[in-house]
Amino acid sequence: MESGALIVPVLEAAPAVDPHRSRLDPSSGLGVPAHVTVLFPFTPPESLDDASLVRLAAAVRSVPPFRVRFSATSWFGDDVLWLKPDDDGGFRALTRSVREVFPAALPYEGLHYDAVPHLTIGMAPLACYKQLREAESAVHTDLPIETTVRIVEYGVVSDSPGSWTVHHRLHLG
């Protein structure tokens with residue numbers, strides 16, 4: 001089954017996190033690049049008509065490009081290791097803007113009321129706690145990572161390896 005997703009690719013993080021993501025993050029095997037999620041799941045491609053795409057582009061454009069710096073890792077429990085943006089306000093603004101136009105699009109299907117912007121490095125059960133700690137130590141040597149967020153990608157992914165396909169690149173500001 002295919003799912004739509006809105007992500008901010010963070011290509012500058014790839015050298016630091018991709019060697020670990022390839023072993024520890026299932027989305028890496030699907031072809032999804034290092035990223036911060038704006039909304040997942042999102043409208044599937046067959047439901048994203050031209051009018052919806054215009055509204056989505058306007059929502060993304062309503063947020064100006066912003067600088068982001070990742071200088072620390074963090075954890076969700078002992079199960080998920082992630083890069084933490086020093087200031088997550090720009091990511092939250094993107095999610096809020098898109099949700100105003102698509103109120104039925106609940107982050108992570110509503111499982112997390114306040115979705116925390118993050119860049120996943122790895123998670124259990126794919127990895128054990130020791131592997132995640134080792135990845136955390138290795139990633140720390142490459143911090144901080146900085147970038148300017150200028151685009152959001154709308155893509156589609158399934159359970160098949162390498163299935164991530166970008167359908168639209170939407171520009172901020």
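Preceding this paragraph is the structure being described.
Attention in this report is confined to the structure presented alongside it. Note that the coordinates shown come from a computational prediction; the quantities given were computed from them, not determined experimentally. (Residues numbered from 1 in each chain as written. Predicted model: local features only at pLDDT ≥ 70, side-chain atom pairs only at ≥ 80, totals over all residues. Heavy atoms only, no water.)

**What about the pattern of salt bridges?**
(1) Moving on: Applying the stated rule across the entire model yields nine salt bridges.
(2) Moving on: In this structure, Arg 21 engages Asp 18 in a salt bridge whose closest nitrogen and oxygen atoms are separated by 3.5 Å. One end of the pair is Arg 21 and the other is Asp 18, both in helix H1 (residues 14–24) and three residues apart, which spans about a single turn.
(3) Moving on: In this structure, Arg 21 and Asp 25 form a salt bridge, with 3.3 Å as the shortest nitrogen-oxygen distance. (Salt bridge = Lys/Arg side-chain N within 4 Å of Asp/Glu carboxyl O. Helix = DSSP H or I, 4+ residues; strand = E, 2+ residues; numbered from the N terminus.)

**Brief notes about the pairing of strand E6 (residues 145–149)**
Moving residue by residue along a regular strand, the side chains alternate between the two faces of the sheet.
(1) Moving on: Judged by which residues are buried, E6 turns out to be one-sided: Ile 145, Thr 147 and Val 149 face inward and are buried, whereas Glu 146 and Thr 148, on the alternate face, are not.
(2) Moving on: Judged from the five bridges that link them, strand E3 (residues 66–76) and E6 form a sheet pairing that is antiparallel. For Val 68, the partnering residue across the bridge sits in E6 and is Thr 147. (Buried < 20%, exposed > 50% of the residue type's maximum accessible area, 1.4 Å probe, protein only. Pairing = 2+ DSSP bridges.)

**Describing the pairing of strand E5 (residues 119–123)**
(1) Moving on: Buried residues dominate E5, accounting for four of its five residues.
(2) Moving on: With four bridges connecting them, strand E4 (residues 80–85) and E5 associate as antiparallel partners. In the sheet register, Val 80 faces E5, and the bridge partner there is Met 123.

**Some thoughts on helix H5 (residues 129–140)**
(1) Moving on: Spanning twelve residues, H5 covers 17 Å between terminal C-alpha atoms, matching the ideal 16 Å at 1.5 Å per step.
(2) Moving on: Those residues of H5 that fall on the buried side of the exposure criterion are Leu 132, Ala 135, Glu 136 and Val 139. Along the axis of H5, the buried residues cluster in a sector spanning 105°; they form a single face. Across H5 from its buried face, at more than 90 degrees, point the exposed residues Lys 130 and Ser 137. (Expected span 1.5 Å × (residues − 1). Arc of directions from axis to C-beta.)

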